[in-house]
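Spelled out from the first residue to the last, the chains are:
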Amino acid sequence: MTKGAATRRIVLAGGFMLPASFVFGQSAATLSPREAYEAAQAKRILLVDIRGAQEWADTGLPQGALPLDVDAPAFEVRIAGLRLDHPGKRIVLIDRTGAQAVAVAQKLAGRGWRDLAGVRGGMLGPGGWLAEKLPVTEYR
């Protein structure tokens, strides 16, 4: 194998290990739990809790959040419906620890969605919604 061919293979193999922020053009925006709470209360954003029903029952929902299970059938169709019902509003996702919300926002951004964000720390992570002692509502 020539030196050039070996270099190309190394470069190509390394390309599969690019960070998601490079692949999607930028990392997903995040808000602190307090920023998300204040923006939701002021009706500047749609706060969407993407956890499942058992987690909502265990901790409650962040005050002002809409429950929409990311694992439910037609999640993307339902979130697209929210976008149509609330044009121009940023959609901010919250999950258990913040990681899945950012991943979902990046995935949707890769499909052309804009103005999405995740809540840093989610509900239960360090510095998250509950750690900040922000209000929750009971899920029924």
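Given the structure is predicted, the values throughout are model-derived calculations rather than measurements.

About the criteria used
- Residues numbered from 1 in each chain as written.
- Predicted model: local features only at pLDDT ≥ 70, side-chain atom pairs only at ≥ 80, totals over all residues.
- Heavy atoms only, no water.
- Buried < 20%, exposed > 50% of the residue type's maximum accessible area, 1.4 Å probe, protein only.
- Helix = DSSP H or I, 4+ residues; strand = E, 2+ residues; numbered from the N terminus.
- Arc of directions from axis to C-beta.
- Contact = heavy atoms within 4.5 Å.
- Patch = residues over 30% accessible without salt bridge, like charges linked within 9 Å, V, L, I, M, F, W, Y side chains within 5 Å.
- Areas by Shrake-Rupley, 256 points an atom, 1.4 Å probe, with all protein chains shown as cover.
- Salt bridge = Lys/Arg side-chain N within 4 Å of Asp/Glu carboxyl O.

### Notes on helix H5 (residues 75-85)
Every buried residue belonging to H5 is among Phe 75, Ile 79, Leu 82 and Arg 83, and all of these are buried. Buried residues of H5, viewed axially, fall in a sector of 100°; they line one side. What points out from H5, more than 90 degrees from its buried face, is the exposed set Val 77, Leu 84 and Asp 85. On its buried face, H5 sits against strand S2 (45-49), strand S4 (66-67), strand S5 (90-94), helix H6 (99-110) and strand S6 (116-119).

### Considering a nonpolar patch on the surface
Together, Leu 124, Leu 130 and Val 136 make up a nonpolar patch on the protein surface, roughly 210 Å² of accessible area in all. As for its position among the elements, Val 136 is in strand S7 (residues 136-137).

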